[in-house]
Amino acid sequence: MTAAGPQDGLVAQWWATAVSRVEPGIIELREHPVQDLIGRTTFVETIWLMLRGELPRAGQAGLLEAALVAGVDHGPQAPSIAAARMAATCGVGLNSAMATGVNMLGDVHGGAGQQCVELLNEIVERHGRDAARPTRDAEQASPDAEFERLVAEVVAEWRARSRYLPGFGHRFHPRDPRRDPLLALVDRAVADGLVTGAHLRAARAVEELLNRGREEGRPVPMNIDGATAVVYAELGFAAPLARGLFVLSRSVGILAHAWEETGQGRRNKSPMPPSMVPVHLTAPTARP
């Protein structure tokens, strides 16, 4: 065995990490020996540990787990699930079928949770700055009115950039069945002092604003992306991690669908049944 030289130190420094330590006979995750975690730490607690560098409190882990469970699957009408099922019939193996589905989770399909965290963060941060700014008594409105004004201002700015407001409304569900259980858990966490409730307040204020004066027509309730954004933001996860955590959650559904598809005997599954053919266009269509 040759002595370690300066180049060896350069390579070691190149891959320096605080996430794990792996040496002969040693595996540590965030300085916790893996043998101490096995059988004692849940998978959700380990996700928290790996991302945050410390183990969560029981209530934090339970809230995170609820959000992960809520996002596991949304059927083959979801492009990521459909793509994984088609890939599974092409002889690529489960790992590639899963990768196909995961790689469909972009800004439009799969990114709304991250975008909603950014929206809620903007409201909470601007409210914090406004609250810290001294005002004259004569100019000072009620705190609730000022907060509503701020929410309307931020929403208007977001809508000026895009007609789509992430986390609210659903093309399929009149009211997303995952919304209420998640928000009830956040309410309980606020009551227990586990989270502040600032992002929950912001999300409900946006929802109220969107539905004000909508006695007729379809309401615009918070959807799964909005509800999980509240959870992730209240737990202190950075906005990009909201998408990463959603990918972890949805990969379970992708795996289940891909595995089911492999047992159905189809080969080269198309997006449409064989009896259907695409409509032939004689002229190019206008782009939306």
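Going by the structure above, here's the rest.
Because the structure is predicted, anything quoted here is derived from the model rather than measured. (Residues numbered from 1 in each chain as written. Predicted model: local features only at pLDDT ≥ 70, side-chain atom pairs only at ≥ 80, totals over all residues. Heavy atoms only, no water.)

### A look at the packing of aromatic side chains
One pass over the full model with this rule turns up two aromatic pairs. Where Trp48 meets Phe237, the ring centres are 5.1 Å apart and the plane angle is 80°; that geometry is what we call edge-to-face. Highlighted residues: Trp48 in helix α3 (residues 43-52) and Phe237 in the loop between α11 (224-234) and α12 (239-262), separated in sequence by 189 residues. Exposure class is identical for Trp48 and Phe237. Each is buried. Judged by centre distance (6.4 Å) and plane angle (85°), the rings of Tyr232 and Phe237 are edge-to-face. No difference in accessibility class separates Tyr232 from Phe237, as the two residues are buried. Stacked on the ring of Trp48, the Lys or Arg Arg52 has its end atom at 4.4 Å from the ring centre. One residue, Arg201, lies across the ring of Phe147, its end atom 3.8 Å from the ring centre. (Phe/Tyr/Trp six-rings, centres within 6.5 Å; stacked < 30°, edge-to-face > 60°. Helix = DSSP H or I, 4+ residues; strand = E, 2+ residues; numbered from the N terminus. Buried < 20%, exposed > 50% of the residue type's maximum accessible area, 1.4 Å probe, protein only. Lys NZ or Arg CZ within 6 Å of the ring centre and 35° of its normal.)

### Details of the pairing of strand β2 (residues 26-29)
Bridging between strand β1 (residues 20-23) and β2 involves four bridges; their strand directions are antiparallel. Bridged to Ser20 within β2 is Leu29. Hairpin remark: β1 followed by β2, antiparallel, with two residues in the connecting loop; positive phi at Gly25, about 80°. Relative to strand β3 (residues 32-33), β2 is paired through two bridges, and the arrangement is antiparallel. (Pairing = 2+ DSSP bridges.)

### Here's the deal with helix α8 (residues 143-161)
Here α8 spans 28 Å end to end across 19 residues, near enough to the 27 Å set by a 1.5 Å rise per residue. Of all the residues in α8, the buried ones are Phe147, Leu150, Val151, Val154, Val155 and Trp158. End-on, the buried residues of α8 take up no more than an arc of 130°, which puts them together on one face. (Expected span 1.5 Å × (residues − 1). Arc of directions from axis to C-beta.)

### Section: the sheet that holds β1
The strand order across the open sheet formed by three strands is β1-β2-β3, and the pairing between neighbours is antiparallel. On the outer flanks of this sheet lie β1 and β3, each paired with one strand and no other.

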